[in-house]
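One letter stands for each residue in the lines below.
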Amino acid sequence: SEEQQRQKSFDSLSHREQSYILYQWRSTRKFFTGERGAWSNRVPDPYLWGLSRTENFSRMRMKTARLYTSNNHADAARLRDQAEGGNIGKLQQADKTLLEKATRTGSISYDEEEQILEQTEQQRQDSIQDTDVDPLANREEEEEEIKENIIRIEKCEQIILTDKVPGRFEITNKYIYFFADQLQEKK
């Protein structure tokens, strides 16, 4: 009887320890993989949000709620763009790379970036399937043939932990450079 009591208390103690460790692990995992965590998925939320219909005494809507019957109006925007003469479609055909698109507009949306990356990947796969020779050898030959052209030059500052380094930022069709002005002045 005493042995059974001791065994029972040991089992309950080990169960509580395991439950606590599991709780700690889940909270740590949620901390790192949650919406604002370091290991989060960073995929935008597919749901649309809007102000709640509930109002306080001042007739203010204090919180957001998920919109289940909402429309992101993408089809209306597409119809509007086609009605304007299809300028949007022509721009997308002219912008063949993500780098060119980003330098022309200054910023691009997540959806545009994904679409351009998918198109370039599909084009790359199509070109690999069309040729039976080694694709890596072809890519090296193509890169050697393409001359490096400057797309954009901007004066800027590189911010590091202890200082700001003035310089210039160059974007070419092959690489991105930062040239520090301080180093040139010291020499």
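Keep in mind that this is a model prediction, so the values were computed, not measured.

Draft legend 1. Structural view of the environment of Ser-40. Relative to the helices and strands, Ser-40 resides in the loop between α1 (2-33) and β1 (48-51). Once the C-alpha coordinates of Ser-40 and Lys-30 are considered, the two residues, 10 residues apart in sequence, prove to be 9.3 Å apart. A polar contact is formed between the side chain of Ser-40 and the backbone oxygen of Gly-37, at a distance of 3.3 Å.

Draft legend 2. Up close: the sheet that holds strand β4 (residues 164-172). Read from one edge to the other, the open sheet built from 3 strands follows the order β3-β4-β5, with strand pairing classed as antiparallel. Each of the sheet's edge strands pairs with one partner strand only, and the pair in question is β3 (150-159) and β5 (176-180). Neighbouring strand axes in the sheet, compared pairwise and without regard to direction, differ in orientation by 25° on average. Looking at chain direction, β3 and β4 are connected through 9 bridges and run antiparallel. Across the sheet, Gln-158 pairs through a bridge with Val-165, a residue of β4.

Draft legend 3. Structural view of the side chain of Thr-172. With respect to the helices and strands, the residue Thr-172 is situated in strand β4. The exposure class assigned to Thr-172 is buried, which follows from its relative accessible area of 2%.

Draft legend 4. Representation of the packing of aromatic side chains. Per the counting criterion, the structure on display carries 4 aromatic pairs. Consider the rings of Phe-31 and Phe-32, whose centres lie 5.1 Å apart with planes at 75°: the pair is edge-to-face. For Phe-31, a relative accessible area of 62% corresponds to the exposed category. Judged by relative accessible area, Phe-32 falls into the partly exposed class, the value being 29%. Consider the rings of Phe-32 and Trp-39, whose centres lie 4.6 Å apart with planes at 25°: the pair is stacked. Looking at Trp-39, the relative accessible area reads 60%, which means it is exposed. Members of the aromatic cluster, each reached through a chain of ring pairs, are Phe-31, Phe-32 and Trp-39.

About the criteria used
- Residues numbered from 1 in each chain as written.
- Predicted model: local features only at pLDDT ≥ 70, side-chain atom pairs only at ≥ 80, totals over all residues.
- Heavy atoms only, no water.
- Helix = DSSP H or I, 4+ residues; strand = E, 2+ residues; numbered from the N terminus.
- Polar contact = N/O pair within 3.5 Å; in protein donor to acceptor, adjacent residues only side chain to side chain.
- Pairing = 2+ DSSP bridges.
- Axes fitted to C-alpha atoms, helices over the stretch in contact; angles between N-to-C directions.
- Buried < 20%, exposed > 50% of the residue type's maximum accessible area, 1.4 Å probe, protein only.
- Phe/Tyr/Trp six-rings, centres within 6.5 Å; stacked < 30°, edge-to-face > 60°.

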